[in-house]
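Observations on the three-dimensional arrangement
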Amino acid sequence: ETAAREISEEVGLNEVTFINGFREQEIYTLPFKKDTSKLVVYFLAEFEGTFSYKKDELSGATCVDYESALALLRFDSKQEILKKAYTFIMKTLYS
């Protein structure tokens, strides 16, 4: 429910279908608050149509292919999560 609400609030998608079986998480310390950690949970979901993001919530949002997404991600940890998601999709949905 929290993930669906965040997706709705931040990118305006009200109808997403979550793909069961994939869940990754990471914990990191906020650079400007050394005593504060943040837990981020990643899920896979599908949607149809278009979306628009709230500029006060996100600096940007777009749909890209896998290779372009890997190139856009600056942190190794994010690239690893994307690779796991891609592998999950290929094994689960296309095998």
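Located above this text is the structure these notes cover.
1. A short note on the environment of Glu80
Here Glu80 lies in helix α3 (residues 76-93). Between the C-alpha atom of Glu80 and that of Leu70, which follows or precedes it by 10 residues, the distance is 9.1 Å.

2. What about the pairing of strand β2 (residues 24-30)?
Alignment of β2 against strand β3 (residues 33-42), held across 7 bridges, turns out to be antiparallel. What sits directly across from Tyr28, in β3, is Lys38.

3. Thoughts on the nonpolar core
The biggest cluster of nonpolar side chains holds 5 residues, and these are Ile19, Phe22, Leu44, Ala85 and Phe88. With residues near it in sequence (within four places) discarded, Ala85 still touches Phe22 and Leu44.

4. Quick look at the pattern of salt bridges
Close approach of charged atoms allows side chains with opposite charge to pair. Scanning the model with the defined rule gives 5 salt bridges in all. A salt bridge links Glu9 to Arg5; the shortest N-O distance between them is 3.6 Å. Linking Glu9 with Arg5, this pair stays in helix α1 (residues 2-11), spanning 4 residues, or about one helical turn. Arg5 sits in the partly exposed class, given a relative accessible area of 39%. The partner of Glu24 in a salt bridge is Lys84, and the shortest N-O contact between them spans 3.4 Å.

Cut-offs and rules
Residues numbered from 1 in each chain as written. Predicted model: local features only at pLDDT ≥ 70, side-chain atom pairs only at ≥ 80, totals over all residues. Heavy atoms only, no water. Helix = DSSP H or I, 4+ residues; strand = E, 2+ residues; numbered from the N terminus. Pairing = 2+ DSSP bridges. Core = buried A, V, L, I, M, F, W, Y, C linked by side-chain atoms within 4.5 Å. Buried < 20%, exposed > 50% of the residue type's maximum accessible area, 1.4 Å probe, protein only. Contact = heavy atoms within 4.5 Å. Salt bridge = Lys/Arg side-chain N within 4 Å of Asp/Glu carboxyl O.

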